[in-house]
Amino acid sequence: MIDSLIDFLIGITLSFDDAEFVWVMLATLLVCFGSVIALFGFIRHGRIMQDTPTSKIRSASQGFVQLEGRAKSLDDKPLRVPGSGRECVWFDYLIEKKGNDWEEVERDTSIYSFYVDDGTGLCAVDPELGRVITRKKKVWVVGDWRYTERLIAENDRVYCLGQFETDQGGSKAEVLKVGVRVLLNQWKHNRRELLQRFDQNGDGDIDMDEWNQARETAIRQVESATANDYVPTQHHNLVAPFNKGYPYVISSIPQDEVTSRYQLYAFGLLGLFVVSGAYAVFMTIVRRDLF
Amino acid sequence: MTILEFVVGAMALVILIYTVIIYNGLIRLKNNVARAFANIEVLLKQRHTELPLLVAVCRGYMVHEQHVLLAITEARSRVHAAQEKHDVRGLGQAETRMRTSLSKLFARCEAYPDLKANENFLALQERISQLEDAIADRREIFNESVRLNNTRIQQVPDVVLARSFGFGELAYLKFETVALLPVKINLKS
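Since the structure is predicted, the reported quantities are computational estimates derived from the model, not experimental observations.

### A word on the overall build of chain B
Here is step 1 of the chain: Helix and strand content of chain B: six helices and zero strands.
Here is step 2 of the chain: Each helix (α) and strand (β) of chain B, taken in turn from the N terminus, gives the series α-α-α-α-α-α.
Here is step 3 of the chain: Relative to the compact-globule value of 16 Å for 189 residues, chain B shows a C-alpha radius of gyration of 24 Å, a clear excess of over 25%.
Here is step 4 of the chain: By its C-alpha atoms, chain B is 90 × 45 × 20 Å across when sized along the principal axes.
Here is step 5 of the chain: Out of the 189 residues belonging to chain B, those deemed buried represent 43%.
Here is step 6 of the chain: At a minimum sequence separation of 6, the contacts of chain B that also span at least 24 residues come to 79%.
Here is step 7 of the chain: Surface summary for chain B: the accessible area is close to 10,900 Å², and the carbon and sulfur share equals 58%.
Here is step 8 of the chain: Across chain B, the mean location of the 24 positive side-chain charges is 2 Å away from that of the 20 negative side-chain charges.

Here you go:
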């Protein structure tokens, strides 16, 4: 069996002309180096996943962390997957139409953030730039149309690795500034009322002094409205790690399964590396006349 | 260069890169533990600053409870000393004393209505209780980091590098968690 395999490979290798041989050799070396680079990438990321402790959101430190909790939509408004209309917090879908083969018609991936709730706090997770791993992949065919979708549903257990950042909330001065701007914009849109209140000389226009008075009134109004209600609110966010060598993973399958998958990929890549490397060496021996 | 030399060289390179990944992983684990400890230290320093304020407020009201206040001051010094020495076991013992002393103090305060009505006292009590909860949370992360480190350095092939480069087992931070504020029960709902 091995002899016939070797004979088969020798036959193929000798059948290449010089130009073909160079291309096949380059392709084999590319697969060999590519697989070894990817192999080390999976090993490294798998180890980082296993070696990072799970933090609680309320006391997580700023920086690279691992969080575990339930997925919650922002503002209690779940998204809907365009294909099936199912409710979720994240989706990735593909719609294909049957021609000679299945041809892609529409594809989209959600870029909207969702919360992870671990019972101690909420953290908004930005899925853009993240590697999203899900268990729920659904494929179905209706007539000439094929739908494929992956999603993270509300309340699914999720496991995330990424850069944890806490936004301390706007200062009182910032809240005041934004509030005044919004109020003045509202007044500007209702010109008649603006003139009634602030056009003191009755010329049908708001001059600089009158506008300054309107601004003063807006500041007083916003100040009195926010005097008792202002509470600086912390917002936690999970984003792509600043260190590009670290993984950004959002997964609805448990960490152990993710790392097992990574180990499986690593074994596959190791096999590819060994086979392509061995074939490159084999080609060199068979076509020694070229070297 | 012969083909054999090339193959051996390539294999050696692959093994070298794998060794570097393992070594860097061990360094990362060690740094995770150091970072987790530093995160606890930040909170300990904040509490170290706030405790004298709490003691000062209480001293004015609790004339007959000076020994309770003294116990807190002593525990504070012990925590600080252990923290300065990076003595994790000593810190655990000192922290247990601190929590027991604080728990006693807050229990005794129930007998002083004037103190309980003091806004400064209430604010400090709330703040210190929050710090204690945060310290307990961060201790969990620290101990998880230590567990990951201690497990990894016993596994093959990491154990070979760990022994060669002197990566040792690290100590867990152990202290008793005591509820400092009485549990509030809402009878209306």
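### Focus on the state of the cysteines
The term disulfide refers to a covalent linkage connecting the sulfur atoms of a pair of cysteines.
Here is step 1 of the chain: This structure, assessed with the given rule, holds zero disulfides over all chains.
Here is step 2 of the chain: In this structure A:Cys160 is a free cysteine whose sulfur lies 7.6 Å from that of A:Cys123, the closest cysteine sulfur available.
Here is step 3 of the chain: Counting only cysteine sulfurs, B:Cys58 is the nearest neighbor of B:Cys109, a cysteine outside any disulfide, at a range of 4.6 Å.
Here is step 4 of the chain: Judged by relative accessible area, B:Cys109 falls into the buried class, the value being 1%.

### Observations regarding the pattern of salt bridges
Here is step 1 of the chain: Using the criterion set out here, one finds 18 salt bridges over all chains in the structure.
Here is step 2 of the chain: Between A:Lys56 and B:Glu140 there is a salt bridge, and its shortest N-O distance comes to 3.2 Å. Residue A:Lys56 is found in the loop between α2 (18-51) and β1 (63-72), and its partner B:Glu140 is found in helix α5 (residues 119-152); the two belong to separate chains.
Here is step 3 of the chain: Among the ionic pairs, A:Arg86 bridges to A:Glu149, the shortest N-O distance being 2.7 Å.

### Digging into unusual backbone geometry
Here is step 1 of the chain: In this structure, B:Pro157 follows B:Val156 across a cis peptide bond, with omega equal to 10 degrees.
Here is step 2 of the chain: Residue placement: B:Pro157 occurs in the loop between α5 and α6 (158-164).
Here is step 3 of the chain: One non-glycine residue, A:Asn155, lies in positive phi territory at about 75 degrees.
Here is step 4 of the chain: Mapped onto the secondary structure, A:Asn155 falls in the loop between β10 (145-152) and β11 (157-167).
Here is step 5 of the chain: Residue B:His86 is not a glycine yet carries a positive backbone phi of 55 degrees.

### Notes on the nonpolar core
Here is step 1 of the chain: Residues B:Leu54, B:Cys58, B:Leu102, B:Leu105, B:Leu115, B:Phe121 and B:Phe142 are the most contacted members of the largest nonpolar core, which totals 39 residues.
Here is step 2 of the chain: For this core, the secondary structure elements donating two or more residues are α1 (3-61), α2 (66-84), α3 (88-109) and α5 of chain B.
Here is step 3 of the chain: Sorting elements by how many residues they give to this core places α1(B) first, with 11 residues.
Here is step 4 of the chain: Setting aside residues no more than four positions away along its own chain, B:Leu115 makes contact with B:Val57, B:Cys58, B:Tyr61, B:Met62, B:Cys109 and B:Phe121.
Here is step 5 of the chain: In this structure, A:Leu67, A:Val132, A:Val158 and A:Ile250 belong to the second largest nonpolar core, which totals 19 residues.

### Points about the interface of chain B and chain A
Here is step 1 of the chain: Counting residues at the interface gives 23 residues for chain B and 26 residues for chain A.
Here is step 2 of the chain: A combined buried area of about 2,200 Å² lies between chain B and chain A, and 57% of that area is made up of carbon and sulfur atoms.
Here is step 3 of the chain: On the surface where chain B and chain A come into contact, there are five salt bridges.
Here is step 4 of the chain: Residue B:Asp137 pairs with A:Arg58 through a salt bridge whose shortest N-O separation is 2.4 Å.
Here is step 5 of the chain: Here chain B and chain A share 11 residue pairs in polar contact (both at pLDDT 80 or more) between them.
Here is step 6 of the chain: Ranked by residue count, the leading element in the side of chain B that touches chain A is α1(B), at 13 residues.

### Thoughts on the confidence of the model for chain A
Here is step 1 of the chain: Of the residues in chain A, 96% reach a pLDDT of 70 or more, and the chain-wide mean stands at 87.
Here is step 2 of the chain: Confidence, read as mean pLDDT per element, is least for helix α3 (residues 172-189) of chain A in chain A (77) and greatest for strand β13 (residues 249-251) of chain A (95).

### Regarding the domain arrangement of chain A
Here is step 1 of the chain: In terms of domain boundaries, chain A breaks down into domain 1 (2-169 + 233-290) and domain 2 (172-226).
Here is step 2 of the chain: Between the C-alpha centres of domain 1 of chain A and domain 2 of chain A there is a distance of 52 Å.

### What about the packing of aromatic side chains?
Here is step 1 of the chain: On inspection of all chains with the given rule, the structure shows 12 aromatic pairs over all chains.
Here is step 2 of the chain: Ring plane angle 75 degrees and centroid distance 5.8 Å describe the contact between B:Tyr23 and B:Phe167, whose orientation is recorded as edge-to-face. Remark: B:Phe167 occurs in the segment after α6 and B:Tyr23 occurs in helix α1; sequence separation between them is 144 residues.
Here is step 3 of the chain: Its relative accessible area of 30% is what places B:Tyr23 among the partly exposed residues.
Here is step 4 of the chain: In this structure an aromatic cluster arises from ring pairing among A:Phe42, A:Tyr262 and A:Tyr265.
Here is step 5 of the chain: Sitting above the plane of the A:Trp140 ring, A:Lys138 keeps its charged end 4.9 Å from the centroid.
Here is step 6 of the chain: If you follow B:Arg139 out to its NZ or CZ, it ends over the ring of B:Phe175, 4.4 Å from the centre.

### Re the sheet that holds β10(A)
Strands in a sheet are paired, the pairing made by backbone hydrogen bonds, and the direction either parallel or antiparallel.
All names here are of chain A.
Here is step 1 of the chain: Taken together, four strands build an open sheet; the order of strands is β5-β4-β10-β9 and the sheet is antiparallel. Two strands close off the open sheet at either side, each with one partner strand: β5 (102-109) and β9 (137-142). Strand-to-strand twist across the sheet, computed as the mean angle between neighbouring axes with direction ignored, equals 15 degrees.
Here is step 2 of the chain: With seven bridges joining them, strand β4 (residues 90-98) and β5 adopt antiparallel strand pairing. Each bridged residue has a counterpart across the sheet, and for Tyr93 the counterpart in β5 is Asp108.

The rules behind each value
Residues numbered from 1 in each chain as written. Chains lettered and ligands numbered in written order. Predicted model: local features only at pLDDT ≥ 70, side-chain atom pairs only at ≥ 80, totals over all residues. Heavy atoms only, no water. Helix = DSSP H or I, 4+ residues; strand = E, 2+ residues; numbered from the N terminus. Rg over C-alpha atoms; globule rule 2.2 N^0.38 Å. Buried < 20%, exposed > 50% of the residue type's maximum accessible area, 1.4 Å probe, protein only. Contact = heavy atoms within 4.5 Å. Areas by Shrake-Rupley, 256 points an atom, 1.4 Å probe, with all protein chains shown as cover. Lys, Arg positive; Asp, Glu negative; His and termini not counted. Charge placed at Lys NZ, Arg CZ, Asp CG, Glu CD. Disulfide = S-S within 2.5 Å. Salt bridge = Lys/Arg side-chain N within 4 Å of Asp/Glu carboxyl O. Core = buried A, V, L, I, M, F, W, Y, C linked by side-chain atoms within 4.5 Å. Buried area = accessible area lost by both parts, 1.4 Å probe. Polar contact = N/O pair within 3.5 Å; in protein donor to acceptor, adjacent residues only side chain to side chain. pLDDT = per-residue confidence, 0-100. Domains from an automatic or database assignment. Phe/Tyr/Trp six-rings, centres within 6.5 Å; stacked < 30°, edge-to-face > 60°. Lys NZ or Arg CZ within 6 Å of the ring centre and 35° of its normal. Pairing = 2+ DSSP bridges. Axes fitted to C-alpha atoms, helices over the stretch in contact; angles between N-to-C directions.

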